[in-house]
Amino acid sequence: MKKGKRLNKKRLIMILSVVALTTLLSILLYQTITKVKAEERSWTQTDWRGGLSSDVVITDVTTFSQEYNTQYSNAGYLAAREKENWDLSAWSYRRKIFFDNTLTNLGVEPENLIDFPVLVKLEDGVNIDYNKTNIDGSDIRFVDTDGTELSYEIEQWDETGDSFVWVKVPQIDVGDQDYIFIYYGNGLAIDNQNGSDVWSNGYKAVFHNNDVTSSTIHDSVSDIQGFKKGSGEPLELEGMINKAQKYDGSNDYSIVNTNFISNPTSLTIASWFRKTGEGNTYECVLHRGVSNTIGSSEYWMGVDLSDNLTATIGATTGVGWNAGLTTVKATLNEWYYLVASWDGSVVRVYINGQYNKQYNLASSGNLSTPTRMGSSDNGLQYQFNGDIDELSISNIGRSSAWVSSEYKSGLNDFNIFHSEESKYEPFAFLISNVYDTGYPSDWGILRYSADEGITIKVRSAINSDMSDATDWDSCMNITNESSVSSGGCVQDEENYLQYRVFIDMTGKSDLITLEEISISFSASDQTPPDVNATNIYLGNSIENNDWLNFAPTIIWDAGVDDIVENEVSYCISLNEVGINEGSQLLNPAQNSGVLPSDDEAVCPHIVNDSSVDLSEVEGLSLTTNKKYFFSIKAIDPSGNIWEGVSQEYQDLIQFRYDNSPPSNVMYISTPSTDFGNVNDMFFNWPITGASQATDDQSAILGWQYAINSSASENWKGTDTHSKLGIQYIPLEGVTEGLLNLTGERDGSSVVIGNNTIYFRAIDNAGNVSTYVTGGINYGGAAPEFPAESVVTINPTTSISNSFSLSWPEAIPGDGDEIESYYYMINTQPPSSLSTLRANSNIYIPTTQLNVPAGKLVGAVKGTNNVYVVAVDNQENYSPTKAIHGTFQLNSTYPDAPLNLSAADLSIKDSELWRVALTWKSQDIKGMVT
């Protein structure tokens, strides 16, 4: 990427249009900025187990948008899915084997065949590939449609030719749709044959006649051993099914001495055979009887003197060998499947699966002599000149459908093989989520770790829904370590990307996997923003370097980017230092200070708006008595950071933090007087010495008080703080700790009786202390005179001290009555009722609304003030509710002394008698003794 690369004009217009019209895009861009860098990086996926998701993604994920026939391993790879209902997971291949159990195929009415031993002939290149099986066939398995493994017997395994396997199928339904599976392709499998179970359905002996030894033959049911006899002994050769035994027609035969069946109530004998030369007498394929006489045999199979086929099951007397004689002559070198089936009453003879004749047989005698093949029971007569294969004896009378099915199975006309299936689906694909870099990007190299058979395509787009992307079919596969643009579907300066994985399992048995895919990219825009954030300030009218007890909101004017307008985010830092220390001058592109740091981000802490509320920053904790400096740099969606001088980004705003409460005053002082007027009430607190309020951090701002409730909304003061938004009593300018209540401010809170005053200190950060309390008594509203009332004095001017006084009636509180009035000359009403009542020479009581003309005590020359107050029967009194009047005394006599008093100063023990008089005049004080 060259430094300073720009978007072409046409593409820039398209991108800006998309940004303007798509709200989602804006959101994703803002989210992405915390995870990008302007230098080259990669989108990597190593795990696909997150499942389907339609989300546009901005980080490495485990999800994808679409899939077909894929699987995802805990080992962390992607592969083609194993087929459903694949019963043997360790096996790589299988085929379906259908059975043609129909009238058309059998030539007889079919039936459901129970536990039927079906012959499976495997022919290389036709229905088996020996390259995919073990050399000895040990990996062959047969499975029913319900997943049950079936018993099987391998008669012959020959990788150079044909193999023959007998399989017991629990039930073959009528029709041509029933099937089983043959599985193969597991190099670790061991042989699992169970031949005796294959022949469990009434078979007493089954001789495949494929014995390679020169002297013995073997049965598959109970492993009964027979012996080859005669001068030449039967020789092995290619038979009807695998191998057969050849008899020379002179003295060869085989003998089985085991009495595997006796006193049968039903019986079936069956064998494949062919004549290869003419004999001199009757020719016996199978014989078992009580003597050497054919006519008294219990069962016999062969040809007569005229080569007619015969199969007889007879009694000791009454039924001879010719009971089963047919009119079908044996043709030399032609195979015949001859069956005699006795159901306990009727013997039916079948040739090549078709009914030929029948005769009645009520019972059969005990079978005691040996069983022979190729001659009569003494081995000396009726030798067979030909080949014998697949000879079986059952204690069940087989049906015509069964016999015909055996015949068709032996001809390999009963089974229909379907095409080979691999364990895995033949092809699979996965389409990734749409990845959003958050900015126009230039695309780099595709890297992946995958087996042969996996191909990758990649495409890009401007729109998040990929609506402008090229169709997958038009994209080319991209080889590992190649540029993604080589696929023809990726364009630089586009920020949405998607890949597709295609898995081709054709001809593959082993799992092929994709373990990792990675696509590199870098921002098309490598130019930092033009303008940084400016005009940094604190919200809520907070000034720079103010004390705060909360995390503030910091606000700024947005920066400007030259490529994507109005898409600027910000690297920020908050530097914490001691209250008297200087800043550490942090660079927010490298150090976020006490703000949480994201190691994967382009800078440690990023915000997307033009403000940050520090109270909402998770993990941020401010410390009391610390100072904080804020720095900021703009960053564009590509991760380019504004470059400029430190004065334009560093320590652009600061604040001090105090979250510790101040210490309150030790007490408040309240008078014990019962007040009759809220305006007369007051209390005091210390403002110096050890009892005053203190704060070691932001210092005391002032105090607050509340009346009768300490609830937060009740705290008040004499002033309102413009920043903290609280009422308080300012410390500044206070010379004494005194607060006079006012009716306007406090009247609604005061109650009759004792009133509790709550008092606390508040510091400059807005922290409040615990409170102290005091009590003030309020007796109720004191009597008051009508508005504009005055004391009327008559005359208003005189040269002699003789005046009358009058005043209007005072108005008591609700339910109260006026008890008395007090008037006084040139003396202010006292603050307490007790003082008023204790000095009647100064505060003169009366129950009248007037004072007759006479000498007024306390009058002096010049202007005199007269005050009148009222007291009700509840002792409510208020000096501030007094009325007054004035009069002129123009006397030529000296003023009468004021406050005259006498004191006894005598020394009684010495009989020295003395008295002292004291008084106060207008000008001098005097005392006479």
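Note that the structure is predicted; figures quoted are calculated from it, not measured.

As for the overall build of the protein
Step number 1: Within the protein one finds 7 helices and 65 strands.
Step number 2: Radius of gyration (C-alpha) of the protein: 61 Å, far over the 30 Å computed for a compact globule of 929 residues.
Step number 3: Dimensions of the protein, computed from C-alpha atoms along their principal axes, come out at roughly 195 × 75 × 55 Å.
Step number 4: The buried share among the 929 residues of the protein stands at 51%.
Step number 5: Within the protein, contacts between residues at least 6 apart in sequence are counted, and of these 71% link residues at least 24 apart.

Quick look at the nonpolar core
Step number 1: Formed by 45 residues in total, the largest nonpolar core has its most connected members in Phe 99, Val 118, Phe 142, Val 167, Ile 180 and Phe 414.
Step number 2: In contact with Phe 142, other than residues within four places in its own chain, are Ile 97, Val 120, Thr 148, Glu 149, Leu 150, Tyr 152, Val 165, Val 167, Ile 180, Phe 181 and Ile 182.
Step number 3: Val 256, Phe 260, Leu 309 and Tyr 336 belong to the second largest nonpolar core, which has 37 residues in total.

Some details on the pairing of strand β23 (residues 308–313)
Step number 1: Most of β23 sits inside the fold, with 6 of its 6 residues counted as buried.
Step number 2: A two-sided burial pattern is seen for β23, the buried positions comprising Asn 308, Thr 310 and Thr 312 on one face and Leu 309, Ala 311 and Ile 313 on the other.

Considerations on the pattern of salt bridges
Step number 1: In this structure the tally under the stated criterion is 21 salt bridges.
Step number 2: One salt bridge connects Glu 421 with Arg 94, and the closest N-O pair in it is separated by 3.4 Å. On the criterion of sequence distance, the pair formed by Glu 421 in strand β31 (residues 421–422) and Arg 94 in strand β8 (residues 93–99) is long-range, its members being 327 residues apart.
Step number 3: In this structure, Asp 162 engages Lys 121 in a salt bridge whose closest nitrogen and oxygen atoms are separated by 3.8 Å. Taken together, the positions of Asp 162 in strand β12 (residues 162–172) and Lys 121 in strand β9 (residues 113–123) put the pair 41 residues apart, joining distant regions of the chain.

Details of the sheet that holds strand β39 (residues 534–538)
Step number 1: Strand order in this open sheet of 3 strands is β39-β41-β44, and the pairing throughout is antiparallel. The sheet is open, and its two borders are formed by β39 and β44 (611–613), each paired with just one other strand. Averaged over all adjacent pairs, the angle separating strand axes in this sheet is 10 degrees, with direction ignored.
Step number 2: Strand direction decides the pairing type here: strand β41 (residues 553–557) and β44, joined by 3 bridges, are antiparallel.

A short note on the pairing of strand β21 (residues 283–289)
Step number 1: Among the 7 residues in β21, 7 count as buried, and that is most of the element.
Step number 2: Bridge count for β21 against strand β28 (residues 371–373) is 2 bridges, and the pairing is antiparallel. Across the sheet, residue His 287 finds its bridge partner in β28, namely Arg 372.

Structural notes on the environment of Gly 644
Step number 1: Following the sequence through the fold, Gly 644 ends up in the loop between β45 (626–635) and β46 (653–657).
Step number 2: Look at Gly 644 and you get partly exposed, because its relative accessible area is 39%.

A look at the sheet that holds β45
Step number 1: Strand order across the open sheet formed by 5 strands is β40-β46-β45-β42-β43, with mixed pairing between neighbours. Either end of the sheet is taken by a strand with one partner, and the two such strands are β40 (547–548) and β43 (606–607).
Step number 2: Inspection of the sheet shows strand β42 (residues 569–578) paired to β45 by 10 bridges, in the antiparallel sense. By the bridge assignment for β45, Ser 569 is matched with Ile 635.

Observations regarding unusual backbone geometry
Step number 1: In this structure, Pro 795 follows Asn 794 across a cis peptide bond, with omega equal to -5 degrees.
Step number 2: Summarising the element assignment, Pro 795 is placed in the loop between β55 (792–794) and β56 (797–798).
Step number 3: For Met 466, which is not a glycine, the phi torsion comes out positive at approximately 60 degrees.
Step number 4: Residue placement: Met 466 occurs in the loop between β35 (454–461) and β36 (482–483).
Step number 5: Of note, the phi angle at Leu 585 is positive, near 55 degrees, even though the residue is not glycine.
Step number 6: Mapping Leu 585 onto the fold places it in the loop between β42 and β43.

Points about the packing of aromatic side chains
Each pair of aromatic rings is reported with the distance of its centres and the angle of its planes.
Step number 1: By the definition in use, this model includes 44 aromatic pairs.
Step number 2: Ring centres of Trp 272 and Tyr 407 lie 5.5 Å apart, and the angle between their planes is 20 degrees; this geometry places the pair in the stacked category. Here Trp 272, found in strand β20 (residues 267–275), pairs with Tyr 407, found in helix α5 (residues 400–410); they are 135 residues apart in sequence, far enough to count as distant.
Step number 3: A relative accessible area of 3% means that Trp 272 is categorised as buried.
Step number 4: Note on Tyr 350 and Tyr 355: the rings are 6.2 Å apart at their centroids and 75 degrees apart in plane angle, and the pair reads as edge-to-face.
Step number 5: With a relative accessible area of 3%, Tyr 350 lands in the buried category.

What about the environment of Thr 276?
Step number 1: In this structure, Thr 276 sits in the loop between β20 and β21.
Step number 2: Exposure remark for Thr 276: the relative accessible area of 25% places this residue in the partly exposed category.
Step number 3: Along the backbone, Thr 276 and Val 61 are 215 residues apart, and their C-alpha atoms lie at a distance of 76 Å.
Step number 4: Dropping the residues within four chain positions of it, Thr 276 is found in contact with Lys 246, Leu 332, Asn 333, Asn 385, Gly 386 and Asp 387.
Step number 5: There is a polar contact of 3.1 Å between the side chain of Thr 276 and the side chain of Lys 246.

A look at a negative patch on the surface
Step number 1: A cluster of acidic side chains, namely Asp 451, Glu 452, Glu 515 and Glu 516, defines a negative patch on the protein surface.
Step number 2: Here Asp 451 is to be found in the loop between β34 (441–450) and β35.

Let's talk about α5
Step number 1: Counting buried positions along α5 gives 10 out of 11 residues, so the element sits mostly inside the fold.
Step number 2: Within α5, burial applies to Ala 401, Trp 402, Val 403, Ser 404, Ser 405, Glu 406, Tyr 407, Lys 408, Ser 409 and Gly 410.
Step number 3: In the segment just after α5, Asn 412 is the residue with positive phi, at about 65 degrees.

Things to note about the confidence of the model for the protein
Step number 1: When the pLDDT values of the protein are averaged, the result is 89; 91% of them are 70 or greater.
Step number 2: Predicted confidence is poor over residues 1–37, with pLDDT under 50, and the contacts of this stretch with residues over four places away or in other chains come to 91 contacts.
Step number 3: Between residues 924–929, whose pLDDT stays under 50, and residues either more than four places distant or in other chains, the model counts 14 contacts.

A short note on the state of the cysteines
Step number 1: By the definition in use, this model includes 2 disulfides.
Step number 2: Between Cys 475 and Cys 489 runs a disulfide, and the two sulfur atoms are separated by 2.0 Å. Its S-S torsion of about -115 degrees marks the bond between Cys 475 and Cys 489 as left-handed, since a negative value means left-handed. Taken together, the positions of Cys 475 in the loop between β35 and β36 and Cys 489 in the loop between β36 and β37 (496–504) put the pair 14 residues apart, joining distant regions of the chain.
Step number 3: By relative accessible area, which is 4% here, Cys 475 ends up buried.
Step number 4: Here Cys 571 connects covalently by a disulfide to Cys 603, the sulfurs 2.0 Å from one another. On the S-S bond that ties Cys 571 to Cys 603, the torsion sits near -90 degrees, and the link is left-handed. A residue pair is termed long-range when its members are at least 10 positions apart, and Cys 571 in strand β42 and Cys 603 in the loop between β42 and β43 qualify at 32 residues. Accessibility assignment for this pair places Cys 571 and Cys 603 in one class, buried.

Calculation criteria
Residues numbered from 1 in each chain as written. Predicted model: local features only at pLDDT ≥ 70, side-chain atom pairs only at ≥ 80, totals over all residues. Heavy atoms only, no water. Helix = DSSP H or I, 4+ residues; strand = E, 2+ residues; numbered from the N terminus. Rg over C-alpha atoms; globule rule 2.2 N^0.38 Å. Buried < 20%, exposed > 50% of the residue type's maximum accessible area, 1.4 Å probe, protein only. Contact = heavy atoms within 4.5 Å. Core = buried A, V, L, I, M, F, W, Y, C linked by side-chain atoms within 4.5 Å. Salt bridge = Lys/Arg side-chain N within 4 Å of Asp/Glu carboxyl O. Pairing = 2+ DSSP bridges. Axes fitted to C-alpha atoms, helices over the stretch in contact; angles between N-to-C directions. Phe/Tyr/Trp six-rings, centres within 6.5 Å; stacked < 30°, edge-to-face > 60°. Polar contact = N/O pair within 3.5 Å; in protein donor to acceptor, adjacent residues only side chain to side chain. Patch = residues over 30% accessible without salt bridge, like charges linked within 9 Å, V, L, I, M, F, W, Y side chains within 5 Å. Areas by Shrake-Rupley, 256 points an atom, 1.4 Å probe, with all protein chains shown as cover. Lys, Arg positive; Asp, Glu negative; His and termini not counted. Charge placed at Lys NZ, Arg CZ, Asp CG, Glu CD. pLDDT = per-residue confidence, 0-100. Disulfide = S-S within 2.5 Å.

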